[in-house]
Amino acid sequence: MQHSIYRLGTLVLALLLAPLTVAADQLDAVRERGLLRCGVNGEIPGLSYRDDDGDWSGIDVDVCRAVAAAALGSADKVELIPLSTAERFDALRQGDIDLLARNTTWTQARDLTQGLSFAAILYYDGQGFMVPRSTETLSTLELGDARICAIADTTSIDNAKRYFKRHQMPMELKQFPDLKAATKAYLEGECTTLTTDRSQLYAVRAQLEQPESQRILPEVISRDPLSPAVVKGETRLLDLVRWTLYTLINAEEMGISSDNVVTAKARAQSDAVRTLLDLDGEMAKALGIEPEWGYRVILAVGNYGELFERNLGKASGLNIKRGLNALWTQGGLLYAPPPN
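Here is a short report on the structure shown in this document. (Residues numbered from 1 in each chain as written. Predicted model: local features only at pLDDT ≥ 70, side-chain atom pairs only at ≥ 80, totals over all residues. Heavy atoms only, no water.)

### Some thoughts on the state of the cysteines
For the structure shown, the criterion picks out 2 disulfides. The residue that forms a disulfide with Cys38 is Cys64, at a sulfur-sulfur distance of 2.0 Å. Linking Cys38 and Cys64, the disulfide has an S-S dihedral of approximately -65° and is accordingly described as left-handed. Of this pair, Cys38 sits in strand β1 (residues 36-40) while Cys64 sits in helix α3 (residues 59-72), placing them 26 residues apart in sequence. Shown here is the disulfide that connects Cys149 with Cys191, its sulfur atoms set 2.0 Å apart. Negative torsions about the S-S bond denote left-handed disulfides, and the value of about 85° found for Cys149 with Cys191 makes this one right-handed. Placement of the pair is Cys149 in strand β10 (residues 146-151) and Cys191 in the loop between α7 (179-187) and β12 (193-197), with a sequence separation of 42 residues. Note on accessibility: Cys149 and Cys191 belong to one class, buried. Counting its disulfide-bonded cysteines in sequence order, the protein shows a connectivity of 1-2, 3-4. (Disulfide = S-S within 2.5 Å. Helix = DSSP H or I, 4+ residues; strand = E, 2+ residues; numbered from the N terminus. Buried < 20%, exposed > 50% of the residue type's maximum accessible area, 1.4 Å probe, protein only.)

Structure below.
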């Protein structure tokens, strides 16, 4: 008996004296690999789009590049991986990608049941409807008996069902695997209207030979806050993605852009600017990355206003107005916790 107690005490002492080890996480894996694998759409101008020359653009793409700049020192150290709607969550959970930045709506059900964590709202979107301008339809309330083309496995399905039931309008819902298939069916007359997030409707219309032939109806029938996501439990990577987005927003509010960030760094004296750019390295220490990551992010992609204008605003050809995505100081919802 005494011998057993002695052995147990020895084992406990050995465990107490053993060096503590910290389990590696996804951010460690990204830094060891030297490459951020980012899941995107690839077919929606303004959000994420790869053209015929293989060049990428879009606000989701810029977020991937910004996170790579923060974590790895260069916005070019990113692999953009096109994923379908049905593939996106499995790809993240199975470790095929590190970050999902694929125009994905943040919902309670997804946050609590899909094994992923959303970082922060990148874009306030909402579901809408597009109809041929040749019709006299000017409102969604005139869509009774409509044949609706929609994308399967998206929030658009339930949103449309609820909206038409609430307004006691019969309809026929046709589901397709992706936006391309849904758009094709709509343009070929299989449906009388196409529904998805309004940002995607603007992108679809801009790609047509005759964009003016299509009307996007004014009503917005849902709230669709789009957010990047990581696997549940990856707290360090989640923190980095979240604060990268907040850095973009705070930079716009503070008037720091890709054009003046070098000067801002050289002249920085206030605690807010020094923390935003991480000039003293305190935030980098907490995240486990190299100092001045905020500076690298803004230098690489600019602030949120630059991202929006370049990808969605007048400069993009989509000409989407800021609306809810304007800063809170300008009547929008865009708001980030302050640096200090």
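There is more to say after this.
### Re the packing of aromatic side chains
Taken as a whole and judged by the stated rule, the model has 7 aromatic pairs. Taking the centre distance of 6.5 Å and the plane angle of 35° together, the rings of Tyr304 and Phe308 count as tilted. A residue pair is termed a helical-turn pair when its members lie 3 or 4 positions apart in one helix, as Tyr304 and Phe308 do in helix α14 (residues 304-311) at 4 residues. On the basis of relative accessible area, Tyr304 is assigned to the buried category, the value being 1%. A connected cluster of aromatic rings, assembled from ring pairs, spans Tyr123, Tyr304 and Phe308. (Phe/Tyr/Trp six-rings, centres within 6.5 Å; stacked < 30°, edge-to-face > 60°.)

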